[in-house]
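# A look at the structure
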Amino acid sequence: MSNFTISPSPHIHSGDSIEKNMYGVLIALIPAFIFSIVFFGIGAILVTLTSVVACLIFEFIIQKYLMKQRPTVWDGSAIITGVLLAFNLPSSLPLWIVIIGALVAIGIGKMSFGGLGNNIFNPALVGRVFLLISFPVQMTSWPVPNGFSTVDAVTGATPLAIVKEAVKNGQSVTDALASTGLSSSNMIIGNMGGSLGEVAAIGLLLGFAYMLIRKIITWHIPVTIFATVIVFAGILHLVNPVHFADPLFHLFTGGMMLGAIFMATDYVTSPMTHKGMIIYGVGIGVLTVIIRVFGAYPEGMSFAILIMNGFTPLINRYCKPARFA
Amino acid sequence: MGKKLESSFKNMVLVLFLVTLISSAAVGVVNSLTAGLIEKVQIEKQTQAIRAVVPAFDNDPMTDKYMVKASDNEEAVEFYPAKQNGELVGTAIKTYTNDGFGGKIELMVGFTPDGVIYNYSVLSHKETPGLGSKMDSWFVKGAKGNIIGKNPGTKGLQVSKDGGDVDAITAATISSRAFLDAVNRAARALDKDSKQK
Amino acid sequence: MNNWQNFTKGFFKENPTFVLLLGMCPTLGVTTSAINGLGMGLATAFVLVLSNLAISLVANSIPDKIRIPGFIVIIAAFVTVVDMCMAAYLPSLHESLGLFIPLIVVNCIVLGRAESFASKNKAIPSMLDGLGIGLGFTMALTLLGCIREVLGSGKLFNITLYSENYGMIVFVLAPGAFIALGYLIAFINRIRKTN
């Protein structure tokens, strides 16, 4: 794999091959995937499979015929992009939209910048945001979890959207949440409306633990994001509990877990030093809460990560480690 | 190419004066030629918007226009009464809402004299393309959120989510609510106006 | 450089949008549909031809120190004329182009051609230069408008090609303009390189 161009040294994970880390991330994604199959049934499998296969095919075609390189499809990065893209989609999404998302993620998000290691933005998130803006109807019709039941899936709003609308209509957050019958245990297990991979907080946290033990990622980025969200949302909640949901709600709903653990920690698009990672994490946390509470969209995790991706080169410049000399 | 004019103070003042004089004269001439036509086009546009939402009429609703306030703390809406042979056949009301996803929405809503919605058209909006922007075709006859033929009365129309009988635009409840808010404002103003007579 | 070259260079070699990257504001702002791109391009071309002609005629009588304000006043007069004529004769197009018509005044292409070409050349070459650059701009805007209209709303020149429900709304919005323009420029650069 010597023909890869990875960002200039220092590297965080010297000695590891790309494959080893990439497949480690894939193993870490398994628990969340199992939860999503339990909640959303066959739809979760179909969307994920389509996304992964489409990402692999597009990567192969673009590398071989447009960039005229030796295709490196099996390094695992395209598979991860495919899985993460699928995890960010509703399980009921028509498959042709999934394929468009894969094309955008690989084609625009990754290959246009020169392939693995050169992309500025997380490819899976580029795909998701593109789809969210392009197909708002399909992308915001979330099936309520009902597993393999043959009854037609009911679509419902995500908890974040319910709260957002309630606040806009002048209701209190607690009333709105009570009306959905959503208990905190349901939120932690993931029994709620949402994209197929984001709902299962427990599954995602298991993956986080695995990646920490295997030293695939460090704790800095996810923990900083969680801490920032708790502090910032906590202050808002203390100021006006009627208007602002409590910090645990923010932590366990939407793409918070998925984004913080798997998307924000993408090697290529996140800062290289620990100090940089902390700045990056705080930025994501603050932006997410701001978008969720004050923005037009109910969920801001993906936008926040993309915005901070854009700042990563700047953060790396600012946090250059001291040279040994 | 000939010699350039020297940049002396006198030259600069004189040339700039001449350039602005000639330019403004040219603009003035074109303005006097087009002003009448521009006004006619705008009146025509307004009349067409009225014609689209009320039954056939033979008066000039533009000259009969009057303003009604639905309540004291709201902006007034414009009434364009449509008459056939001197008898009122409908009222086109130019109404608004500030609750749209992207801010203000302006509608022309036509009512028959008994308060039933005859038709509507969207005059201006800043809603999201593909979502809220569908309102120009969503609430028409035969479409999902049909409001034509309904009588909002003073109670007003509501989306089904809020207990009403109008289906909101898929994934655009806020825009749909705002749209109905504008329609209801017109209906309340119409009700108030008929009581005053 | 002969007159033919003065005319044709705006199409490809010095295309204001794809090569010089000038006038990006209307390029990204109005090209939500092919007809908008075409209308904006033609309005700009019209202003370019007339302002280039007028400026090449009077350039020698305008002292150097005040040439920019002088040029801008002339350009603004033509733009206002176009604005009023469009409002009178093409009201629907005028409405959809909105503020971008008056903004032709500050389009870098117009002042750029006045400054770099018309003020140094005779009337006929200046007009041809303005026409060429203007048509190059029109071509670019129409192409971008076509791409965004087809991908975004499933139509081309308002003729429905496929159901709007399958359109990618992002192409109607600003981010889609950047994406489409980026790939168009990449494509043109590729062609220019191989030539």
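Note that the coordinates shown come from a computational prediction; the quantities given were computed from them, not determined experimentally. (Residues numbered from 1 in each chain as written. Chains lettered and ligands numbered in written order. Predicted model: local features only at pLDDT ≥ 70, side-chain atom pairs only at ≥ 80, totals over all residues. Heavy atoms only, no water.)

## Focus: the overall build of chain A
Our working definition: For the purposes of this entry, the term helix denotes a DSSP run of H or I that reaches at least four residues, the term strand denotes a run of E that reaches at least two, and both are numbered from the N terminus. When accessible area is computed with a 1.4 Å probe and restricted to protein chains, residues below 20% of their type maximum are described as buried, those above 50% as exposed, and intermediate ones as partly exposed. Contact definition: two residues touch when any of their heavy atoms are within 4.5 Å.
Tallying secondary structure elements over chain A gives 15 helices and two strands in all. Burial status across chain A gives 56% buried among its 325 residues. Nonlocal contacts in chain A, meaning residues at least 24 apart in sequence, comprise 73% of its contacts between residues at least 6 apart.

## Regarding the interface of chain A and chain B
Interface extent is often summarised as the accessible area lost during association of the parts. Here is the rule: Take the accessible area each of two parts loses on contact, using a 1.4 Å probe, and add the two losses: that sum is the buried area. Counting of polar contacts relies on pairs of N or O atoms within 3.5 Å, with two restrictions inside protein: one atom must be capable of donating a hydrogen and the other of accepting it, and residues adjacent in sequence are counted only when both atoms are side-chain atoms. Note on residue classes: Ala, Val, Leu, Ile, Met, Phe, Trp, Tyr, Cys and Pro are nonpolar, Asp, Glu, Lys and Arg are charged, and everything else, Gly too, is polar.
Each partner contributes residues to the interface: chain A has seven residues there, and chain B has 10 residues. Between chain A and chain B, the buried area comes to about 680 Å², and carbon and sulfur atoms account for 62% of it. The tally of links from chain A across to chain B stands at zero residue pairs in polar contact (both at pLDDT 80 or more). Breaking the side of chain A that touches chain B down by element, the ones donating at least two residues are α6 (136-139) and α7 (159-168) of chain A. In terms of residue class, the side of chain A that touches chain B is made up of three nonpolar, two polar and two charged.

## Things to note about the domain arrangement of chain A
All names here are of chain A. Test applied: Boundary definitions for the domains trace back to an automatic or database domain assignment. Whenever a carboxyl oxygen of Asp or Glu lies within 4 Å of a side-chain nitrogen of Lys or Arg, that contact is scored as a salt bridge.
Domain assignment breaks chain A into domain 1 (20-138) and domain 2 (167-192 + 218-318). If you sort the residues of domain 1 by the area they bury against domain 2, Phe39, Asn122 and Leu125 come out on top, with a joint share of 27%. Across the domain 1-domain 2 interface, the total number found is zero salt bridges. Between the two partners, domain 1 and domain 2, sit three residue pairs in polar contact (both at pLDDT 80 or more). In terms of residue class, the side of domain 1 that touches domain 2 is built from 17 nonpolar, six polar and one charged.

## Looking at the pairing of strand β5 (residues 117-124) of chain B
All names here are of chain B. Selection criterion: Only strands joined by at least two bridges in the DSSP assignment are considered to pair.
Judged from the six bridges that link them, strand β4 (residues 103-111) and β5 form a sheet pairing that is antiparallel. Bridged to leucine 107 within β5 is valine 122. Hairpin geometry of β4 and β5 is characterised by an intervening segment of five residues between the two adjacent antiparallel strands and by a positive phi of about 90° at glycine 115.

## Some thoughts on the confidence of the model for chain C
Where we set the bar: A score between 0 and 100, pLDDT records how confident the predictor is in each residue.
When pLDDT is averaged along chain C, the result is 87, and 99% of the positions lie at 70 or above. Reported confidence for the predicted complex is 0.81 by ipTM and 0.82 by pTM.

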